[in-house]
Amino acid sequence: MLAILAGYLYWKDTPLDVYYTIGWMLAVLAFLIGGNGLISYLFDKKLPWLRFGARRLISHLFLGIIYSLIIINLAYLAFKLLLTNEPPTTVQMAVTNAYGIVIFIPTFCIYFSFHFLKHWQKSEVQTEKFKKETLKFQLDNLKNHLDPHFLFNNLNILSSLIDYNPKESKVFLDKFADVYRAILKTKDEDLIELGEELEVIDAYIYLLKTRFEDNIIFDLAIDPVEKSKVLPPLTIQMLVENAIKHNIISEKRPLKITLKTIGDKLEVINSLYEKPEELVDEGGTGLENIRKRYSHFTESDVVIEKTADYFKVIIPLVEVETV
């Protein structure tokens, strides 16, 4: 505005409309930059590029153009009504929109293109980082399940079942194979439906119930509506395994594990009777791994609560865009 005033004092013979036009253009430009920055910020929260790429592209571009046209017209009306005594005519409004379309809309499209390119590059970096973390998770998970203790315990149970209950031994072997099949499948999956994850958990629970009998109790309260939502594979299995790893399981103090959905959240809760630290195997990266993997798909946090009686992990169920 100071530049306009200085120009006006220097070139007094210049028509006043020129200064109105320059002022209008600067005002429109300022509102476009600020407003589209706010739109980008809100879309980043509600429709992140990584999860809602196509919907974000169309919605952001459409809303940005509509906002730009509204600002162009409001700015012109404000200048016309505040600085002149003449109301705007239809022809003037048409010319204003023509100027806006020729000057400001291409400017917005250039800004949007740079914004899209920046986030696309950021998404590529995040995807590569996610792939590395997923690969580490797969290797750690496979290593845990190929651990001699895990194999020995289950093969020992299988051997006993073969001796006194051949029919049940076949079921046990099938469930054992289902768990390993699911573990191997994760190398090709970033997210799986909750319903599919629960099928794996069903097989895993069967192995645990056979091993611990009534010393481990499972309580499932899953809303069928939420089963179509997704989460990183083997997340629940890792949380169940974590509960077994850190707690003493006995007839007097059975381990109770509850899985329940509350809205778009899944709660995994286990009773707490912790082992002494020296009896717990080294590791402790499971929860951190889950948090990192979730951070690529949702802004919602993985919440951990611990009291004297229970340990609870609340994980978000993700709804992804379908194209």
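Thresholds, definitions, all that
The residue numbering used here restarts from 1 in each chain and proceeds along that chain's sequence as written. The predicted nature of this model means local features are confined to residues of pLDDT at least 70 and side-chain atom pairs, given and counted, to a pLDDT of 80 or more, with totals for whole chains, interfaces and linings taken over all residues. Excluded from the side-chain calculation are hydrogens and water; included are all heavy atoms of the structure. The helix and strand labels rest on DSSP assignments: H or I over at least four residues marks a helix, E over at least two residues marks a strand, and numbering proceeds from the N terminus. Each residue is assigned to one of three classes by its accessible area relative to the maximum for its type, calculated with a 1.4 Å probe on protein chains only: buried under 20%, partly exposed between the two thresholds, exposed over 50%. Any two residues whose heavy atoms approach within 4.5 Å are treated as being in contact. Whether two aromatic rings pair depends on their centres lying within 6.5 Å, for rings of Phe, Tyr and Trp, where Trp uses its six-membered ring; planes under 30 degrees apart make the pair stacked, over 60 edge-to-face, and the rest tilted. Over a ring means this: the NZ of a Lys or the CZ of an Arg is within 6 Å of the ring centre and within 35 degrees of the ring normal. The axes are straight lines fitted to the C-alpha atoms, using for helices just the contacting stretch, and the angles between their N-to-C directions are given from 0 to 180°. Should an angle lie under 35 degrees it is considered roughly parallel, over 145 roughly antiparallel, and from 65 to 115 roughly perpendicular; all remaining angles are considered oblique. Left-handed describes a crossing in which the near helix is turned anticlockwise from the far one by less than a right angle; the clockwise case is right-handed. Basically, the charged four are Asp, Glu, Lys and Arg, the nonpolar ten are Ala, Val, Leu, Ile, Met, Phe, Trp, Tyr, Cys and Pro, and anything else, Gly included, counts as polar. Between any two strands, at least two bridges found by DSSP are needed for them to pair. Within the patch definition used here, like charges are joined within 9 Å and nonpolar side chains (Val, Leu, Ile, Met, Phe, Trp, Tyr) within 5 Å, considering only residues with over 30% relative accessible area and no salt bridge. Residue-level accessible areas treat just the shown protein chains as cover; the underlying method is Shrake-Rupley with a 1.4 Å probe. Think of a salt bridge as a Lys or Arg side-chain nitrogen and an Asp or Glu carboxyl oxygen that are within 4 Å of each other. By this rule, a helix spans an expected 1.5 Å times one less than how many residues it contains. Of all possible arcs, the one meant is that of the directions from the helix axis to the C-beta atoms.

A.B. asks: Looking at this structure, how should I read the overall build of the protein?
C.D. replies: From N to C terminus, the protein includes 9 helices and 7 strands. Split into buried and exposed, the 323 residues of the protein put 39% on the buried side. At a minimum sequence separation of 6, the contacts of the protein that also span at least 24 residues come to 73%.

A.B. asks: How should the environment of glutamate 199 be read in this particular structure?
C.D. replies: On the secondary structure map, glutamate 199 appears in helix H7 (residues 194-212). Here glutamate 199 falls in the exposed class, since its relative accessible area comes to 59%. The sequence separation of glutamate 199 and aspartate 178 amounts to 21 residues, and the corresponding C-alpha distance is 9.1 Å.

A.B. asks: Explanation requested: the packing of aromatic side chains in the structure shown.
C.D. replies: Working definition: an aromatic ring pair is given by the centre-to-centre distance plus the angle between the planes. This model, assessed by the stated rule, comprises 2 aromatic pairs. An aromatic cluster of at least three residues, connected via ring pairs, comprises Phe172, Phe176 and Tyr206. Over the ring of tyrosine 206 we find lysine 175, and its NZ or CZ is 5.9 Å from the ring centre.

A.B. asks: Would you mind showing me how to read the packing of H7 against helix H8 (residues 235-246) here?
C.D. replies: Angle between the axes and distance between the axes are the two parameters that describe a pair of packed helices. In contact at an axis separation of 8 Å, H7 and H8 are set at 25° when each is read in the N-to-C sense. In terms of their interaxial angle, H7 and H8 are classed as roughly parallel. Two packed elements cross with a definite hand, and for H7 against H8 that hand is right-handed. Facing H7, whose interface residues are Leu194, Glu197, Leu198, Ile201, Tyr204, Leu208 and Phe212, H8 presents Thr235, Ile236, Gln237, Val240, Glu241 and Ile244. Each residue belonging to the contact of H7 with H8 can be placed in one class, and the counts come to 9 nonpolar, 2 polar and 2 charged.

A.B. asks: Quick question: what am I supposed to make of the pairing of strand S4 (residues 255-262) here?
C.D. replies: Across a regular strand the side chains alternate sides, sitting on one face of the sheet and then on the other. Where strand S2 (residues 216-221) lies against S4, 6 bridges are found, and the strand directions are parallel. Bridge assignment links isoleucine 216 to a residue of S4, and that residue is leucine 255. Here 6 bridges tie S4 to strand S5 (residues 265-271), and the two strands are oriented antiparallel to one another. The residue of S5 that forms the bridge with leucine 259 is valine 268.

A.B. asks: Could you clarify how one ought to interpret a nonpolar patch on the surface in this entry?
C.D. replies: Taken together, Phe62, Ile66, Ile70 and Leu74 make up a surface patch of nonpolar side chains, about 390 Å² in accessible area. Looking at the element boundaries, isoleucine 70 is found in helix H3 (residues 53-83). Judged by relative accessible area, isoleucine 70 falls into the partly exposed class, the value being 45%.

A.B. asks: So what exactly am I meant to see when it comes to the pattern of salt bridges here?
C.D. replies: Pairing of side chains with opposite charge becomes possible as their charged atoms draw close. Counted under the stated rule, the structure contains 8 salt bridges. A salt bridge links aspartate 178 to arginine 181; the nearest nitrogen and oxygen atoms lie 2.6 Å apart. Taken together, the residues span about one helical turn, with aspartate 178 and arginine 181 both in helix H6 (residues 166-185) at a distance of 3 residues. Its relative accessible area of 31% is what places aspartate 178 among the partly exposed residues. Here lysine 306 makes a salt bridge to glutamate 274, at a shortest N to O gap of 3.1 Å. A residue pair is termed long-range when its members are at least 10 positions apart, and lysine 306 in strand S6 (residues 303-306) and glutamate 274 in the loop between S5 and helix H9 (286-294) qualify at 32 residues. When salt bridges with common partners are traced through the structure, they connect Lys260, Glu267, Glu305 and Lys312 into a single cluster.

A.B. asks: Sorry if this is basic, but what is going on with H6 here?
C.D. replies: In an α-helix, one full turn covers 3.6 residues, which means residues spaced three or four apart are oriented alike. In a regular helix each residue adds 1.5 Å, so 20 residues correspond to 28 Å; H6 covers 29 Å between its end C-alpha atoms and thus fits that length. Turning to H6, its buried residues number three or more, namely Ser169, Phe172, Phe176, Val179, Tyr180, Ala182 and Ile183. The arc enclosing the buried residues of H6, seen along the axis, measures out at 155°, which places them on a common side. Summarising the geometry of H6, the exposed residues directed more than 90 degrees from the buried face are Lys167, Lys170 and Arg181.

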